[in-house]
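Fold and geometry: a report
Residue-level listing of the chains:
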Amino acid sequence: MKKLMALLMGCMMIVCTAASCGKSDDSDSEGGKKGSGTSQSDDEKQTDPIVGTWIGENPEEDGFVTFDENGGISMKGDLSELIQFDGGKVVFGGEDFTQYAEFDGENFTLNAEGQELLTLKKTEKGSADNYDGTYEITGGMFVDMMASQFGAEGSGMSFKVDGKTTYMIIDGMGTYTANGDNKYTVTAMGETNEAVIDGNKLTMFDENGKEDAVFTREK
C-alpha cells in the first residue's frame, strides 16, 4: 500500500511542478469502475473481520483502506499538502493558482498557460465560492499520469474537499480473497500483498514477506 500512496503523491507532485513551470511570472500584477471482487456467502459477509475501513498507522503514507463485503477495495489518501481548495482559493504545491482556475459551482478547470492540469465535476452543484464537496476527476494531466501508471481500465477517482483538507478517493482499486485464519491476499493495481488481522490491527506484508503497512480499524 505504501507503493500505491507513493505513486499517487508522486503523480500529484509532478502535476504541481508542471503547474509551477507553466505559471507566468505575474509578480507585478494583481493577480471508475468498482471492483466486484470475489463473491462471498451471506454468512461470510456478516462475519468476515476484514470488512470495513482501516486507518494507516501513518495516514499520510498509508492512507485509509476500505474492504467491502463483495471482495472489493477502495482507498482514500490525504493530498492536502499538495492541493487545497480553501474557500474561493486554489493552492497547488504551495502556490496560489486561483487566477488559473474556473469554477461555476459544478465544473472546475485548472489551466495554466494553455496546459490543462485538472478538470473536476462536483457531484452536487453548489455555490461558485465554496469548494466543499465531492468531485469526480474527469480529466487533465493528473488523470493521464494515473492512467499511464495503472492502465486504461483505471479505477474511478474522486476528490473530497472539506475546508483545507483534500482527500483523493480511488474506488474499485483492487480485490481481496480470504485464506482462512484471518489471513488475506490483497491485489491492488498490479501489487499483491498478504494481510493478517489480529483484533483491530491489520498488517500488510509485501511480496518478500516484509511488513509494509499497519492499519487500525476505524471506530
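As a reminder, the structure under discussion sits directly above these lines.
Below you will find a few notes about this structure.

Criteria and cut-off values
Residues numbered from 1 in each chain as written. Predicted model: local features only at pLDDT ≥ 70, side-chain atom pairs only at ≥ 80, totals over all residues. Heavy atoms only, no water. Helix = DSSP H or I, 4+ residues; strand = E, 2+ residues; numbered from the N terminus. Buried < 20%, exposed > 50% of the residue type's maximum accessible area, 1.4 Å probe, protein only. Areas by Shrake-Rupley, 256 points an atom, 1.4 Å probe, with all protein chains shown as cover. Phe/Tyr/Trp six-rings, centres within 6.5 Å; stacked < 30°, edge-to-face > 60°. Pairing = 2+ DSSP bridges. Polar contact = N/O pair within 3.5 Å; in protein donor to acceptor, adjacent residues only side chain to side chain. Contact = heavy atoms within 4.5 Å.

**Observations concerning the overall build of the protein**
For the protein, the count of helices and strands is 4 helices and 16 strands. The buried share of the protein, reckoned over its 219 residues, is 42%. In the structure as shown, the protein presents an accessible area of about 11100 Å², 43% of it carried by carbon and sulfur atoms.

**Things to note about the packing of aromatic side chains**
Considering all chains together, one arrives at 11 aromatic pairs under this definition. For the ring pair Phe67 and Tyr176, a centre distance of 5.5 Å and an interplane angle of 85° mean the geometry is edge-to-face. Remark: Tyr176 occurs in strand S12 (residues 165-180) and Phe67 occurs in strand S2 (residues 64-67); sequence separation between them is 109 residues. On the basis of relative accessible area, Phe67 is assigned to the buried category, the value being 1%. The exposure class assigned to Tyr176 is buried, which follows from its relative accessible area of 0%.

**Topic: the sheet that holds strand S6 (residues 95-96)**
What holds strands together in a sheet is hydrogen bonding between their backbones, with the strands either parallel or antiparallel. If you walk across this open sheet you meet the 3 strands as S4-S5-S6, and the pairing is antiparallel. Of all strands in the sheet, those with a lone pairing partner are strand S4 (83-86) and S6, marking the two edges.

**Here's the deal with unusual backbone geometry**
Within the chain, Asp181 stands out as a residue other than glycine whose phi angle is a positive 55°. Here Asp181 shows up in the loop between S12 and strand S13 (183-188). With phi around 60°, Asn182 is a residue other than glycine that occupies positive phi space. One can find Asn182 in the loop between S12 and S13.

**Examining the side chain of Asn193**
Mapped onto the elements of the fold, Asn193 is located in strand S14 (residues 191-198). At a separation of 3.4 Å, a polar atom in the side chain of Asn193 contacts the main-chain carbonyl oxygen of Phe205.

**Examining the pairing of strand S10 (residues 133-139)**
The sheet contact formed by strand S9 (residues 115-122) and S10 spans 4 bridges and is antiparallel. Counted as the bridge partner of Thr119 is Gly139 from S10. Bridge count for S10 against strand S11 (residues 156-162) is 4 bridges, and the pairing is antiparallel. When the sheet's bridge partners are listed, Tyr135 is paired in S11 with Phe159.

**A closer look at the environment of Asp171**
Checked against the element boundaries, Asp171 lands in strand S12. What makes Asp171 partly exposed here is its relative accessible area of 25%. A C-alpha to C-alpha distance of 8.3 Å links Asp171 and Ser158, two positions 13 residues apart in sequence.

**Let's talk about the environment of Glu116**
As for its position among the elements, Glu116 is in strand S9. Expressed as a C-alpha distance, the spacing of Glu116 and Phe142, which sit 26 residues apart in the sequence, is 9.3 Å. Here Glu116 is in contact with Thr109, Leu110, Asn111, Gly140 and Met141, once residues within four sequence places are set aside.

**Quick notes on the environment of Asp68**
Tracing the sequence through the fold places Asp68 in the loop between S2 and strand S3 (72-78). Classification of Asp68 as partly exposed rests on a relative accessible area of 29%. A sequence separation of 17 residues divides Asp68 from Val51, and the C-alpha atoms of the two residues are 5.4 Å apart. A polar contact of 2.8 Å, which involves the side chain of Asp68, links it to the backbone nitrogen of Asn70.

**Some words on the pairing of strand S8 (residues 107-112)**
Only one face of S8 is buried: it carries Phe108, Leu110 and Ala112, and the other face, with Asn107, Thr109 and Asn111, is open. Counted along the chain from strand S7 (residues 101-103) to the antiparallel partner S8, the turn is 3 residues long, and its residue Gly105 has a positive phi close to 95°. Relative to S9, S8 runs antiparallel, the two being bridged by 6 bridges. Within S9, the residue paired with Leu110 across the bridge is Leu118. Hairpin remark: S8 followed by S9, antiparallel, with 2 residues in the connecting loop; positive phi at Glu113, about 55°.

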